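Read off the chains here:
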Amino acid sequence: MRRPLLLGLVSTVAAALLAAPPAGSGQPAGPAEPAERRAVPALRVTTLADGLDHPWDIAPIGGGDYLVTQRDRATVSLLGADGEVRRLAFPSRKVWVSGETGLMGLVADPRFEQNRRFYTCQGATRSDGGHDVRVLAWKLNQRATRAKRRGPLLRGIPATTGRHGGCRLLVADDGALVVGTGDAAIGRNPRRLTSLGGKTLRLDRMTGKPWPGNPFPRATSTRKRYVFTYGHRNVQGLAQRSDGSLWSVEHGSFRDDEVNRLVRGGDHGWHPVPGYDEQVPMTDRSLPGRQRVARWRSGNPTIAPGGADFVAGGKWGALRGDLAMAVLKDQQVRFLDFDSRGRLRAQRVPDELTGHGRIRTVVRDSDNSLLLLTDNGGGADEVLRVTPR
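Since the model is a prediction, treat every value here as computed from it, not as a measurement.

Caption draft 1: Main features of the overall build of the protein chain. Secondary structure assignment for the protein chain yields four helices and 25 strands. Relative to the 2.2 N^0.38 estimate, which gives 21 Å for 389 residues, the radius of gyration of the protein chain is 20 Å and therefore close to what a compact globule would have. Once the C-alpha set of the protein chain is aligned to its principal axes, its extents read approximately 60 × 55 × 35 Å. Burial status across the protein chain gives 60% buried among its 389 residues. Of the contacts made within the protein chain by residues no fewer than 6 positions apart, 58% connect residues no fewer than 24 positions apart. Counting only carbon and sulfur atoms, one obtains 48% of the accessible surface of the protein chain, whose full area is about 15600 Å². Averaging the positions of the 59 positive and the 39 negative side-chain charges in the protein chain gives two centres separated by 6 Å.

Here it is in structure tokens:
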């Protein structure tokens, strides 16, 4: 069932308050822009599907069809152009579900129409009875009824109770499969380069081998060869800007959720030791070496951001080129405007994108509309489409 929700314009007062960078961001507002660039369009929100429970990710696969993962149900479903949600035959019982971990990140191969491949990031049980998080490749059969496993691409992303499991996926323009991981609430994981936790990783999506352009290609530890950036707490979003730069969205502790611009070999400064000391800064610049400062941070308290994508298309007006970021705790979609150097200029929360509860992720569709997943639980979650009016 698809039902449009035609809601009001962005509040003038709210837009004015959100137009400046947050306190403590250290980011200049940037130069003024032409009036037509500043115009924010009214937005139309349409429900594409309902009755879901903790959906985690969505992947357009062409023809108006989408794949959707549900974290706790551990299912992959096909959302058709007719609005029907059909569960695929998929080995849900082999997914380890605990706390924040289950069936999580999902991305379709850029050549999906030819090879019908897609990728998931999910909890798993090891042969010794312990647990980890894995990246797996799948092939959708021609009838679109069954996901056939094509093997694990990467094992050994750490897991403990299920806390801080990550795990977002992105196929970059150069073909690399990028993986954002959580630290499993183990203090030394983020800066320990032989751990896959608290990192962004890059690998060959066909073979599972470390991406040849990674910063540690000759490391003795095979796991270190996968590392692209490190010093992360719990990566919840990955996105690539039109200039080719890679960005991550990260949950903070009690303060400072972050958006980071990723640079090969970058240290993002999360090091909560001894033990798991969450009083330390998200980006601890007292550590040895250089730490990459976040391009946006929430301050105190956190707002719990989720997945994100960059907005494209002229009809989006002032929102074109912004990073559209899902927000769980504050129950909104926040648009972050960065200049060409990656400095924050403005942030906006359209009124139309509040009132839907917790938002887990934002994904740009092939027609430049935005797809949202709510994450309220209880079987009441929805897939929403957002378009400029």
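Caption draft 2: Just the pairing of strand β13 (residues 199-204), in detail. When you tally the buried positions in β13, you get five out of six residues, the bulk of the element. Where β13 meets strand β14 (residues 227-230), three bridges bridge the pair, whose relative direction is antiparallel. Within β14, the position partnered with Thr200 by the bridge is Thr229.

Caption draft 3: Here's a closer look at a positive patch on the surface. Among the surface-exposed residues, Lys139, Arg146, Lys148 and Arg150 lie close enough to one another that they form a single positively charged patch. Mapped onto the elements, Arg150 comes out in strand β10 (residues 147-158). Here Arg150 falls in the partly exposed class, since its relative accessible area comes to 43%.

Caption draft 4: Main features of the layout of surface pockets. Roughly 1000 Å³ of internal volume is contained in the largest pocket. At the level of elements, β3 (55-62), β4 (65-70), β7 (103-108), α3 (112-115), β11 (168-171), β15 (235-240), β19 (305-310) and β23 (359-364) are the ones that each hand at least two residues to the lining of the largest pocket. Residue contributions to the lining of the largest pocket peak at six residues, all from β3. Taken together, the residues of the lining of the largest pocket break down into 22 nonpolar, eleven polar and eleven charged.

Caption draft 5: Spotlight on the pattern of salt bridges. Within this structure, the stated rule accounts for 20 salt bridges. Note that Arg364 and Asp309 form a salt bridge whose closest N and O atoms lie 3.6 Å from each other. Of this pair, Arg364 sits in strand β23 while Asp309 sits in strand β19, and the two are 55 residues apart along the sequence. Overall, Arg364 belongs to the partly exposed group, its relative accessible area being 29%. Under the relative-accessibility criterion, Asp309 is labelled buried at 16%. Between Arg348 and Asp322 there is a salt bridge, with its nearest N and O atoms 3.3 Å apart. Of this pair, Arg348 sits in strand β22 (residues 344-348) while Asp322 sits in the loop between β19 and β20 (323-327), and the two are 26 residues apart along the sequence. Residues Arg348 and Asp322 agree in their burial class; the two are buried.

Caption draft 6: Inspection of the nonpolar core at higher detail. Core analysis: the largest hydrophobic core is formed by 23 residues, its most contacted members being Val135, Leu154, Leu169, Leu177 and Val179. Those elements giving two or more residues to this core turn out to be β7, β8 (117-125), β9 (131-140), β10, β11, β12 (176-180), β13 and β14. Sequence-distant contacts of Val179, that is, excluding residues within four places in its chain, are made with Cys121, Val135, Ile157, Cys167, Arg168, Leu169, Lys199, Thr200, Leu201, Leu203 and Leu238. Membership of the second largest hydrophobic core comes to 19 residues, among which are Leu88, Phe112, Trp138 and Ala147.

Caption draft 7: Quick look at the sheet that holds β3. The strand order across the open sheet built from four strands is β3-β4-β5-β6, with neighbouring strands paired in antiparallel fashion. Strand pairing shows two members of the sheet lacking a second neighbour, β3 and β6 (85-87), which therefore form its edges. The average angle at which neighbouring strand axes cross in this sheet is 25°, direction not considered. In this structure, strand β5 (residues 75-79) lies alongside β6, joined through three bridges in antiparallel fashion.

Procedures and definitions
Every chain is numbered on its own, with residues counted from 1 as its sequence reads. Whole-chain, interface and lining totals are the exception, using all residues; otherwise, since this is a predicted model, local features are given only for residues with pLDDT of at least 70 and side-chain atom pairs are given and counted only at 80 or more. Note that the side-chain values use all heavy atoms of the structure and ignore hydrogens as well as water. Comment: elements are numbered from the N terminus, with helices defined as DSSP H or I runs of at least four residues and strands as E runs of at least two. Just to be clear, the radius of gyration here is over C-alpha atoms, and the globule rule we use is 2.2 Å times residues to the power 0.38. Each residue gets one of three labels from its accessible area relative to the maximum for its type: buried under 20%, exposed over 50%, partly exposed in between, using a 1.4 Å probe on protein chains only. Here, two residues are considered to be in contact whenever any of their heavy atoms come within 4.5 Å of each other. Each accessible area is a Shrake-Rupley result for a 1.4 Å probe, and residues are judged covered by the shown protein chains and nothing else. Counting rule for charge: Lys and Arg are taken as positive, Asp and Glu as negative, and neither His nor the chain ends is counted. The atoms used to mark charge sites are NZ of Lys, CZ of Arg, CG of Asp and CD of Glu. A pair of strands counts as paired when DSSP detects no fewer than two bridges linking them. Nonpolar side chains (Val, Leu, Ile, Met, Phe, Trp, Tyr) are joined into patches within 5 Å and like charges within 9 Å, using only residues with over 30% relative accessible area and no salt bridge. By definition here, a salt bridge exists when the distance from a side-chain nitrogen of Lys or Arg to a carboxyl oxygen of Asp or Glu is within 4 Å. Buried and open spaces are told apart on a 1 Å grid over the protein atoms alone, a cavity being a set of points where a 1.4 Å probe fits but cannot get out and a pocket being an open set with protein on both sides within 12 Å along at least five of seven lines. Residues with an atom within 4 Å of a point are the lining residues. Grid points are joined across faces, edges and corners, and a volume is the space filled by probe spheres set on the points. The nonpolar class holds Ala, Val, Leu, Ile, Met, Phe, Trp, Tyr, Cys and Pro. Asp, Glu, Lys and Arg form the charged class, and all remaining residues, Gly among them, are polar. As used in this record, nonpolar core signifies buried Ala, Val, Leu, Ile, Met, Phe, Trp, Tyr and Cys residues forming a set joined through side-chain atoms within 4.5 Å. In this analysis an axis means a line fitted to C-alpha atoms, helices contributing only their contacting stretch, and an angle means the value between N-to-C directions, from 0 to 180 degrees.

As far as function goes, none of this settles anything; it's purely spatial.
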